Amino acid sequence: MLGLKMLKRSPSRRMVAGFGVNVGGGLSTPSSPVAGGSSPSINGLLPPMRPRRPMTAAEMMRQQMRVSEHDDNKLRKTLMRTVVGQAGRRSETIIIPLELLRHLKPSEFSDSTEYHMWQRRQLKMLEAGLLLHPSLPLENNNPFAKRFHDILTSSESGPIDTGKNSDTMRTLCNSVVSLSWRSHNGTPTDVCHWADGFPFNIHLYTALLQSVFDIRDDTLVLDEVDELLELMKKTWSVFGITLPIHNVCFTWVLFYQYVLTGQIEPDLLTASHIMLKEVANDVKKEKDAIFVKILSSVVRSMLDWSEKRLLNYHEYFMRGNANQIEILLPLVLTASKILGEDLTITNGEGAQNGDIAIFKAPHERVENYIRSSMTYAFDKTFEAVNAKSAEFERKKELSEVLLELAQETEGLVMKERQNFTPMFKKWHSTAGAVAAMALHNCYRQMLRQYINELTSLTSESVQVLHRAAKLEKAIVQTVVEDATESEDGGKTVVREMVPYDVDSVILTRLGKWIYDSLQKAREYLQRAKETETWNPKSKTEPYAQSAVELMQMTTTTVEEFFKVPIPITEELVRALADGLGSLFQEYMMFVAACGSKQSYIPVLPPLTRCSQNSKFLKLWKKAAPCGAGHKDLYNVNKAHEGQNPRPSTSRGTQRLYVRLNTLHYLLTQIHYLDTLLATNPGVVPSSRIRLGNSHRAQNNGSVYFDSIKKSILASCQHVSEVAGYRLIFLDSSSVFYDGLYSGGVTRGQIRPALRILKQNVTLMSNLLIERAQPMAMKEVMKASFDAFLMVLLAGGNTRVFHRSDHEIIKEDFDVMKRAFSTSIEGLISEHVVNGEAAVVEGVIALMSLSTEQLIEDFSIVICEGSAIGVMTNGQKLPMPPTTGKWNRSDPNTILRVLCHRDDRAANLFLKKTFQLAKRK
């Protein structure tokens, strides 16, 4: 019925040998009718004599229990002496250890020591059955227990006297009998309780049950097993055994024998499971407390041992015995059901939504085994990978470990599908998916640790991430294939997986790398703002050192960006370009922060009228009584400047040239980076960028920094303007605004100014890079023209002009124009010069007009501009505002020509119309 393999040694029955079986081990003493819980090994067997007759069941039991004929004879004689004269006495009422003590004498042993040891064992047997594990609870003050305990203590030093007339023996017999025949309520009873206490009785009974296994091959049972079990039933009344208890004990013996013999005989496990199902039926009917204790202890031990292996089945079932899981798992499920671990508590009768699960259902238990064992297998694989590196005496990098681990993990998935998934599918429809998901999670934790420690993207790290993506793809395919039979085709299972999201990790790390790279450059920029002195790096590199280092950092960043071994999309390029553009914008603003031209333009002096009675003219006439010419007066006033004045470009202006060089250098480098980003063949179009917005779809190519390049050009214009106005109005003020035409107009007065201008411009050309020179030269020209205009219109008290002076002034300005269009480096076209000179020439044209014409033109313009219309008698003209935008149609410009006109008509008009004070 149990499907056990039986050992048949003869066609019919075993035969009695000529000599008894002489065995060693723990049961060699003559009075050991029972043994412990385990089967001792056989030390040796003497060859039997020629068979004489078939063995009885009792003889087979003696042989299986390893009891010699000599010891058996002594036991038989003792039992015979016990029952002599006691006709009708039942065998189950015989207290065997007590009878052995009464009837066996010291003379029957080889020496006193052997006898003493034997006597102590019998007393210990009685102690276990009557004092330590009594069937009925023992009162604390029981006098018989106290007397027996005293005798047990006295036996420690030597054998007790067991003679007929011995008081000790009488006391012992009286105490043992009284303790054995106790009842619950003190009434007389016909049941003797000396070996039926738990767990003492169970240990004795399981020792008997283990005798069904052949002593030579303990994985097999004797073919006479039914006769032996029938014989063992005779002990049930002595041990307090019932059929349910027997079933539990026999289940345990079969299971224990399977474990004891190295789990090589699956039939034992199958038989144990069959018996366990019998026990499950008994549980429904049997409620005895002792049975429940035995059941709980046995089933819990079986369950713990089995679950330990199922939770790590890869370790215990990979050596050709994987099919035993199909036997062990049903046993575990039956055991857990017996213990009530697969039940639910229901709130109310027939309730469903209110059910509260407190124990795992079978499929949940199976899923737990799969997840646990896969985790153990993964950890062991990881340790094996690390162990390989130790063999070669070098520590592998984590990237190498993860690459190899991904390969091994993929192998684990395949092995699981081949070896275990088909078996587990009987209890869990998506067992393969559960196993794959467990491995996916294990590798994800390792990968997450690696990603968290990842500081930059390298070829090794990208290789690891791509290998992880490949592993994930294989796992997802396994999950989907395994879950196709489920209702949703495995979608729910797949959704439970936390994806590696390799693409996102790569983009995130690359984004962080871009941020860190730009952050380093921005930190450098901050330091440069605090330390930059605007001195050129060298003559060959006439720009700021900070710009060189900053562009080296950004160029390196771009080059390393394209070395990252991943597909670079236009979106990534745009992200990098935006970050670099912000950095360039900040640096450009720092370079261009040099003030404005207005800070160098002198404050306009107050308007006054020129009078022939002014103190200046009187002083001039007194200084030149002989009618000295204007040229002589100029030479006298400017004699301290010498014939060859030196260039007057200040250090501050030269630093502006360095700023301007820096901006042009920045522009060139940005153009190079723009081209590098736009033309790199490794960039792939981003699916999220529409073709119309794709930078590579445009014909002009380099557009990533288009806006910043326009801003830099504007900054170049600004710095050039500031440098030009500083050069003219600050560095060259002595020969332009402060000195030109001061005291009157004479021929050749412009030449010293032009010499200084040309020398300053030559120095500027030497300091500026070629690309910066045209714009800078144009701004110098514009500043020179503005300075010339201010000399004519806002020169203060030292400037006095006659109508006839305009010819000299026109000649001087023409010389200045030619200096910029042809004589100075040829950087500005004549067309541009003429365009900028038009305003100055218009003002000079005003100076050629008569005073009356000027007054008339002024009146017309001021009336038209203020909507006065026709002037009436007594009506006064309004004072025109000063806009600073000089031209011949501007009323303020005409008014200033009148203010500097040295004649009576102009003086009277200004005095009468605006009450302007005359010059001091």
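Only a predicted model underlies this, so the values are computations on that prediction, with no experimental measurement involved.

A.B. asks: Give a description of the overall build of the chain that names residues and reports values.
C.D. replies: Counting its secondary structure elements, the chain contains 34 helices and six strands. In the chain, which comprises 920 residues, the proportion classed as buried is 48%. Long-range contacts, defined as pairs at least 24 residues apart, comprise 77% of the intrachain contacts of the chain with a sequence gap of at least 6. Of the accessible surface of the chain, which amounts to about 45,400 Å², a share of 53% is contributed by carbon and sulfur atoms.

A.B. asks: How would you sum up the pattern of salt bridges? Please name residues and give values.
C.D. replies: Enumeration over the complete set of coordinates arrives at 27 salt bridges. Across the pair Glu99 and Arg102 runs a salt bridge whose closest N-O atoms are separated by 3.3 Å. With Glu99 and Arg102 both in helix α3 (residues 96–103) and three residues apart, the pair spans about one turn of that helix. A relative accessible area of 4% means that Glu99 is categorised as buried. Taking relative accessible area as the criterion, Arg102 reaches 36% and is therefore assigned partly exposed. We note a salt bridge from Glu481 to Arg417, for which the minimum N-O separation is 3.2 Å. In this pair, Glu481 sits in helix α19 (residues 459–482) while Arg417 sits in helix α16 (residues 398–419), placing the two residues 64 residues apart along the sequence. Since its relative accessible area comes to 38%, Glu481 is described here as partly exposed. Within the structure, one salt-bridge network assembled from shared partners comprises Arg522, Lys529 and Glu586.

A.B. asks: Quick rundown of the packing of aromatic side chains? Include the residues and the values.
C.D. replies: Taken as a whole, this structure holds 26 aromatic pairs when the rule is applied. Their ring planes at 45 degrees and their centres at 6.0 Å tell us that Tyr443 and Tyr500 sit as a pair that is tilted. Here Tyr443, found in helix α18 (residues 431–452), pairs with Tyr500, found in the loop between α20 (491–496) and α21 (502–531); they are 57 residues apart in sequence, far enough to count as distant. Taking 5.2 Å as the distance between ring centres and 75 degrees as the angle between the ring planes, the aromatic pair formed by Phe561 and Phe562 counts as edge-to-face.

A.B. asks: Hey, could you go over the confidence of the model for the chain for me, with residue numbers and the actual values?
C.D. replies: Taken over all residues, the pLDDT of the chain has a mean of 83, while the share at 70 or more is 84%. Throughout residues 17–46 the model reports pLDDT below 50, and contacts reaching past four residues in sequence, or to other chains, amount to 61 contacts. Note that pLDDT drops below 50 for residues 688–701; the model gives that stretch 20 contacts with residues more than four away or on any other chain.

A.B. asks: For a positive patch on the surface, give the residues involved together with the corresponding values.
C.D. replies: Together, Lys77, Arg81, Lys105 and Lys164 make up a region of like positive charge exposed at the surface. Inspection of the secondary structure puts Lys105 in the loop between α3 and α4 (112–132). Exposure remark for Lys105: the relative accessible area of 30% places this residue in the partly exposed category.

A.B. asks: Would you mind going over the packing of helix α31 (residues 830–847) against helix α33 (residues 891–899) in detail, with residue names and values included?
C.D. replies: Contact geometry for α31 and α33: axes closest at 10 Å, N-to-C directions at 45 degrees. As judged from the angle between their axes, α31 and α33 are oblique. For the crossing formed where α31 meets α33, the hand is right-handed. On α33, the residues touching Val843, Leu846 and Met847 of α31 are Thr893, Ile894 and Val897. Partitioning the contact of α31 with α33 into residue classes produces five nonpolar, one polar and no charged.

A.B. asks: Requested: an account of unusual backbone geometry, with residues and values cited.
C.D. replies: Of the consecutive residues Phe198 and Pro199, the connecting peptide bond is found in the cis state with omega at 5 degrees. Topologically, Pro199 is positioned in the loop between α6 (167–180) and α7 (200–209). Unusually for a residue other than glycine, Arg66 sits at a positive phi of about 60 degrees. You can call Arg66 buried: its relative accessible area is 13%. Positive phi is not limited to glycine here, since Tyr741 has a value of about 65 degrees. Take Tyr741: it is sitting in the loop between α27 (706–731) and α28 (751–767).

A.B. asks: Describe α6, naming the residues involved and giving the relevant values.
C.D. replies: Between the first and last C-alpha of α6 there are 20 Å, a value that for 14 residues agrees with the 20 Å anticipated at 1.5 Å per step. In this fold, the buried residues of α6 make contact with α3, α4 and α5 (143–154). Sitting at the head of α6, Ser166 places a side-chain oxygen 3.3 Å from the backbone nitrogen of Thr168.

A.B. asks: Help me get a handle on helix α34 (residues 904–914), residues and values and all.
C.D. replies: Every buried residue of α34 is listed here: Ala906, Asn907, Phe909, Leu910, Thr913 and Phe914. The arc that holds every buried residue of α34, seen down its axis, measures 165 degrees, which confines them to one face. Of the residues in α34, the exposed ones pointing more than 90 degrees away from the buried face are Arg904 and Lys912. Here the buried face of α34 lies against α32 (851–866) and α33.

A.B. asks: Now, about the environment of Ser155: what can you tell me, with residues and values included?
C.D. replies: Within the secondary structure, Ser155 is located in the loop between α5 and α6. Taking the C-alpha atoms as reference points, Ser155 and Leu123, 32 residues apart in sequence, are found 8.6 Å from one another. The residues contacting Ser155, other than those within four sequence positions of it, are His116, Arg120, Leu123 and Ile160. Separated by 2.7 Å, the side chains of Ser155 and Arg120 make a polar contact. A distance of 2.6 Å separates a polar side-chain atom of Ser155 from the backbone oxygen of Leu152.

A.B. asks: Before we move on, could you go through the environment of Ser306 and cite the residues and values that matter?
C.D. replies: Within the fold, Ser306 resides in helix α12 (residues 289–310). Ser306 sits 25 residues away from Leu331 along the chain, and the two C-alpha atoms are 8.5 Å apart. Among the polar contacts made by the side chain of Ser306, one reaches the main-chain carbonyl oxygen of Met302 at a distance of 2.8 Å.

A.B. asks: How would you summarise the side chain of Gln773 if you had to cite specific residues and measurements?
C.D. replies: Mapped onto the secondary structure, Gln773 falls in helix α29 (residues 773–793). Within polar-contact distance, the side chain of Gln773 engages the backbone oxygen of Ser765 at 2.9 Å. Residues contacting Gln773, with those up to four places away along its chain left out, are Ser765, Leu768 and Leu827.

Criteria and cut-off values
- Residues numbered from 1 in each chain as written.
- Predicted model: local features only at pLDDT ≥ 70, side-chain atom pairs only at ≥ 80, totals over all residues.
- Heavy atoms only, no water.
- Helix = DSSP H or I, 4+ residues; strand = E, 2+ residues; numbered from the N terminus.
- Buried < 20%, exposed > 50% of the residue type's maximum accessible area, 1.4 Å probe, protein only.
- Contact = heavy atoms within 4.5 Å.
- Areas by Shrake-Rupley, 256 points an atom, 1.4 Å probe, with all protein chains shown as cover.
- Salt bridge = Lys/Arg side-chain N within 4 Å of Asp/Glu carboxyl O.
- Phe/Tyr/Trp six-rings, centres within 6.5 Å; stacked < 30°, edge-to-face > 60°.
- pLDDT = per-residue confidence, 0-100.
- Patch = residues over 30% accessible without salt bridge, like charges linked within 9 Å, V, L, I, M, F, W, Y side chains within 5 Å.
- Lys, Arg positive; Asp, Glu negative; His and termini not counted.
- Charge placed at Lys NZ, Arg CZ, Asp CG, Glu CD.
- Axes fitted to C-alpha atoms, helices over the stretch in contact; angles between N-to-C directions.
- Parallel < 35°, antiparallel > 145°, perpendicular 65-115°, else oblique.
- Left-handed = near helix turned anticlockwise from the far one by under 90°.
- Nonpolar A, V, L, I, M, F, W, Y, C, P; charged D, E, K, R; others polar.
- Expected span 1.5 Å × (residues − 1).
- Polar contact = N/O pair within 3.5 Å; in protein donor to acceptor, adjacent residues only side chain to side chain.
- Arc of directions from axis to C-beta.

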